[in-house]
Amino acid sequence: QVQLVESGGGLVQAGGSLTLSCAASGRTGSTYAMGWFRQAPGKEREFVAAIRWSGGITNYADSVKGRFAISNDNAKNTVALQMNSLKPEDTAVYYCAAARGVVNPILVSNWAYWGQGTQVTVSS
């Protein structure tokens, strides 16, 4: 299995920045991609960003494109989500996910492993 642990959530003012981290452990050799989803109160869990396990190739939701950046660290066992120009509508629980094989990152059901989530709150 793959275990995922998110960290870095917190409270930030609109326009500010915050960086989330996801640490992966376990049998990560078969992991093809890592991603971030978020779920706001009363809303469905939605795709935010994804990156290939090998790094370099990224996908972003239109709502965060140009503001958020997903990346692997040098050890290739953690993934970061740098969030800039944060808006109140970015407020959500953010979840790290891992996928095996080629997937459509938009679909929650295509992701095999999930972290516990970390709360991000953006104040006006």
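Refer to the structure above for everything that follows.
Described below are features of the structure shown in this document. Computed from a prediction, not measured in an experiment: that's the story for all the values here.

Evaluated as defined, the whole model comprises 1 disulfide. A sulfur-sulfur separation of 1.9 Å characterises the disulfide bridge that pairs Cys-22 with Cys-96. Its S-S torsion of about -80° marks the bond between Cys-22 and Cys-96 as left-handed, since a negative value means left-handed. Pair noted here: Cys-22 is in strand S3 (residues 18-26) and Cys-96 is in strand S9 (residues 92-100), with a separation of 74 residues, a long-range link. When its relative accessible area of 0% is taken as the criterion, Cys-22 is described as buried. A relative accessible area of 0% places Cys-96 in the buried class.

A few words now on the nonpolar core. Met-34, Trp-36, Leu-81, Met-83 and Tyr-94 are the most contacted members of the largest nonpolar core, which totals 36 residues. Those elements that provide at least two residues to this core are strand S1 (2-7), S3, strand S4 (31-39), strand S5 (46-52), strand S7 (68-72), strand S8 (78-83), S9 and strand S11 (118-123). Residue contributions to this core peak at 6 residues, all from S9.

On the basis of which strands lie adjacent, the open sheet formed by 4 strands has the order S1-S3-S8-S7 and antiparallel pairing. Sheet topology places S1 and S7 at the edges, where each strand pairs with a single neighbour. Sheet twist, expressed as the average angle between the axes of neighbouring strands with direction ignored, equals 15°. Here 6 bridges tie S3 to S8, and the two strands are oriented antiparallel to one another. Considered in S8, the bridge of Thr-19 is made with Gln-82.

Turning our attention to the pattern of salt bridges. In total, this model carries 4 salt bridges according to the counting rule given. Measuring nitrogen to oxygen at the nearest pair gives 2.8 Å for the salt bridge that ties Arg-38 to Asp-90. Of this pair, Arg-38 sits in strand S4 while Asp-90 is found in the loop between S8 and S9, placing the two residues 52 residues apart along the sequence. You can call Asp-90 buried: its relative accessible area is 0%. For Arg-67, the salt bridge is made with Asp-90, and the minimal N-O distance between the two is 2.7 Å. Taken together, the residues span a long stretch of sequence, with Arg-67 in the loop between strand S6 (58-60) and S7 and Asp-90 in the loop between S8 and S9 at a distance of 23 residues. With respect to class, Arg-67 is no different from Asp-90; both count as buried. One network of salt bridges, with partners in common, ties together Arg-38, Glu-46, Arg-67 and Asp-90.

The rules behind the values
Residues numbered from 1 in each chain as written. Predicted model: local features only at pLDDT ≥ 70, side-chain atom pairs only at ≥ 80, totals over all residues. Heavy atoms only, no water. Disulfide = S-S within 2.5 Å. Helix = DSSP H or I, 4+ residues; strand = E, 2+ residues; numbered from the N terminus. Buried < 20%, exposed > 50% of the residue type's maximum accessible area, 1.4 Å probe, protein only. Core = buried A, V, L, I, M, F, W, Y, C linked by side-chain atoms within 4.5 Å. Pairing = 2+ DSSP bridges. Axes fitted to C-alpha atoms, helices over the stretch in contact; angles between N-to-C directions. Salt bridge = Lys/Arg side-chain N within 4 Å of Asp/Glu carboxyl O.

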